[in-house]
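Chain and residue survey
Single-letter residue listing:
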Amino acid sequence: MTSEDQVRVVAAEWDRVVVGNDAEVVGAFMADDWVYVSSTGVVTKADITGWIADGRLAHHSMRVVGGERVARVGDAVVLTARKTSTGTWEGTPYSADEWISQVWVETPAGWKCAFAQKSDAQTK
């Protein structure tokens, strides 16, 4: 199995476990220095796992819509896809339709996501 195929499998599993809202399990897919960049700035691994652990953030669904683009770049694999998700933030329901890019790195413990950035999907 190619590195790109391995990342596809791991990324799909991460999407599956995110809706379980177990901070430790979700965090196991992230590199220790993982960051997510949104329109409001940088979120760290400690931030997001903390929000999940205390119930501030809960995911109810996460799925890829359309295809994925996966490319090996040196020792990393970059995955880009359009995803939809639902959940709650501080008790308020949300629904998202976003483009996400993730950078995956191979570690002794397997492939880990080191970086993610999301942008709202624009529809015409």
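Quick summary incoming for the structure in this document. Position numbers for residues start from 1 in each chain and track the written sequence from start to end. In keeping with the model being predicted, local features are shown solely for residues with a pLDDT of at least 70 and side-chain atom pairs are shown and tallied solely at 80 or more, while totals for entire chains, interfaces and linings include all residues. Think of the side-chain values as coming from all heavy atoms in the structure, minus any hydrogens and water.

Here's the deal with the overall build of the protein
Strands are runs of DSSP state E lasting at least 2 residues, helices are runs of H or I lasting at least 4, and numbering of each runs from the N terminus. Helix and strand counts for the protein come out as three helices and six strands. Helices (α) and strands (β) of the protein occur, in sequence order from the N terminus, as α-α-β-β-α-β-β-β-β. A radius of gyration in this sense is built from C-alpha atoms; the matching globule rule multiplies 2.2 Å by the number of residues raised to 0.38. What you see for the protein is a C-alpha radius of gyration of 14 Å, in line with the 14 Å of a compact globule of 124 residues. By principal-axis analysis of the C-alpha atoms, the protein measures approximately 40 × 40 × 25 Å. A contact between two residues is defined here by any heavy atoms of the two lying within 4.5 Å. Across the protein, contacts joining residues at least 24 apart in sequence account for 47% of those joining residues at least 6 apart.

Quick word on the packing of aromatic side chains
Only Phe, Tyr and Trp rings take part, Trp by its six-membered ring, and two of them pair if their centres are within 6.5 Å. Stacked means planes under 30 degrees apart, edge-to-face means over 60, and tilted covers everything else. Taken as a whole and assessed by the stated rule, the structure comprises four aromatic pairs. With centroids separated by 6.4 Å and ring planes inclined at 10°, the aromatic side chains of Trp34 and Tyr36 adopt a geometry described as stacked. Of the two residues examined, Trp34 and Tyr36, each falls in the buried class. Considering the side-chain rings of Trp51 and Trp89, the 5.0 Å spacing of their centres and the 75° angle between planes classify their relative orientation as edge-to-face. A residue pair is termed long-range when its members are at least 10 positions apart, and Trp51 in helix H3 (residues 45–53) and Trp89 in strand S4 (residues 76–89) qualify at 38 residues. An aromatic cluster is defined as three or more aromatic residues linked by ring pairs; in this entry it consists of Trp14, Phe29 and Trp104. Exposure categories follow from relative accessible area, calculated using a 1.4 Å probe and restricted to protein chains: below 20% of the type maximum is buried, above 50% is exposed, and the middle band is partly exposed.

Examining the side chain of Thr49
Within the secondary structure, Thr49 sits in helix H3. A relative accessible area of 16% means that Thr49 is categorised as buried. In contact with Thr49, other than residues within four places in its own chain, are Ala23, Gly27 and Met30.

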